[in-house]
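# Tertiary structure, described
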Amino acid sequence: MSLDRAVMMFAGFMVLLSLALTHWVHPAWAWLTVFVGFNLMQASVTGFCPARIMLGRLGVGRPRSPEVTPL
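So, here is what we can say about the structure in this document. Everything quoted here is computed from the prediction, not taken from an experiment. (Residues numbered from 1 in each chain as written. Predicted model: local features only at pLDDT ≥ 70, side-chain atom pairs only at ≥ 80, totals over all residues. Heavy atoms only, no water.)

## Observations regarding the layout of surface pockets
Which entries qualify depends on this criterion: Cavities and pockets were defined on a 1 Å grid built over protein atoms only: a cavity is a set of grid points that admits a 1.4 Å probe from which the probe cannot escape, a pocket is an open set flanked by protein on both sides within 12 Å along at least five of seven lines, and lining residues are those with an atom within 4 Å of any such point. Grid points are joined across faces, edges and corners, and a volume is the space filled by probe spheres set on the points. Numbering of helices and strands starts at the N terminus; helices are DSSP runs of H or I of at least 4 residues and strands are runs of E of at least 2. Only Asp, Glu, Lys and Arg are considered charged, only Ala, Val, Leu, Ile, Met, Phe, Trp, Tyr, Cys and Pro nonpolar, and every remaining residue, Gly among them, polar.
Taken as a whole, the largest pocket spans an internal volume of roughly 200 Å³. In terms of lining residues, the largest pocket is bounded by 13 residues, among which F10, F35, V36, N39 and A51 are the most central. A total of five residues in the lining of the largest pocket trace back to one element, the largest contributor, which is helix α2 (residues 30-46). The class makeup of the residues in the lining of the largest pocket is 12 nonpolar, one polar and no charged.

## Regarding the packing of helix α1 (residues 3-24) against α2
In plain terms, the rule: Every axis corresponds to a line fitted to the C-alpha atoms, with the helix fit spanning only the stretch in contact, and the corresponding angles, defined between N-to-C directions, vary from 0 to 180 degrees. An angle counts as roughly parallel when it lies under 35 degrees, as roughly antiparallel when it exceeds 145, as roughly perpendicular when it falls between 65 and 115, and as oblique in every other case. Each helix crossing is assigned a hand: it is left-handed if the near helix lies turned anticlockwise from the far helix by less than a right angle, otherwise right-handed if that turn is clockwise. In what follows, residue pairs with any heavy atoms lying within 4.5 Å of each other are defined as contacts.
Running from amino to carboxyl end, α1 crosses α2 at an angle of 160 degrees, the nearest separation of the two axes being 7 Å. Between α1 and α2, the angle falls in the class roughly antiparallel. Note on packing geometry: the crossing formed by α1 with α2 is left-handed. Here α1 contributes A11, M14, V15, S18, L19 and T22 to the contact with α2, which in turn contributes A30, L32, T33, V36 and L40. The residue makeup of the contact of α1 with α2, split by class, is eight nonpolar, three polar and no charged.

## A few points about helix α3 (residues 50-57)
Basically, it comes down to this: Each residue's exposure class comes from its accessible area (1.4 Å probe, protein chains only) as a fraction of the maximum for that residue type: buried when under 20%, exposed when over 50%, partly exposed otherwise. This arc corresponds to the set of directions leading from the helix axis out to the C-beta atoms.
For α3, every residue scored as buried is listed here: A51, L55 and G56. Projected down its long axis, α3 carries its buried residues within an arc of 130 degrees, all on one side. Considering only its buried residues, α3 is in contact with α1. Looking one or two residues beyond α3, the residue adopting positive phi is G59, at roughly 95 degrees.

## Describing the packing of α1 against α3
The N-to-C vectors of α1 and α3 enclose an angle of 120 degrees; their axes lie 10 Å apart at closest approach. Here α1 lies oblique to α3, going by the angle between them. The crossing of α1 and α3 is right-handed. When α1 is examined against α3, the residues L3, D4, A6, V7 and F10 are found in contact with a partner set consisting of A51, R52, M54, L55 and G56. Residue composition of the contact of α1 with α3, by class: seven nonpolar, one polar and two charged.

Below is the structure:
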């Protein structure tokens, strides 16, 4: 999975999680949806995305090293 797709999947997951928490836990969780939306807008304008940095440091999007086969 590419890093860009992982960021989109993470953002979608956070939106759905915040909606579920808003519905079943407390209405104040709607602020998480606001935060995710604001972060998506600022990332599109500035190019700075904390989720991309975090996922990149975790190794998402890097090609796997080829497996070494014994001779």
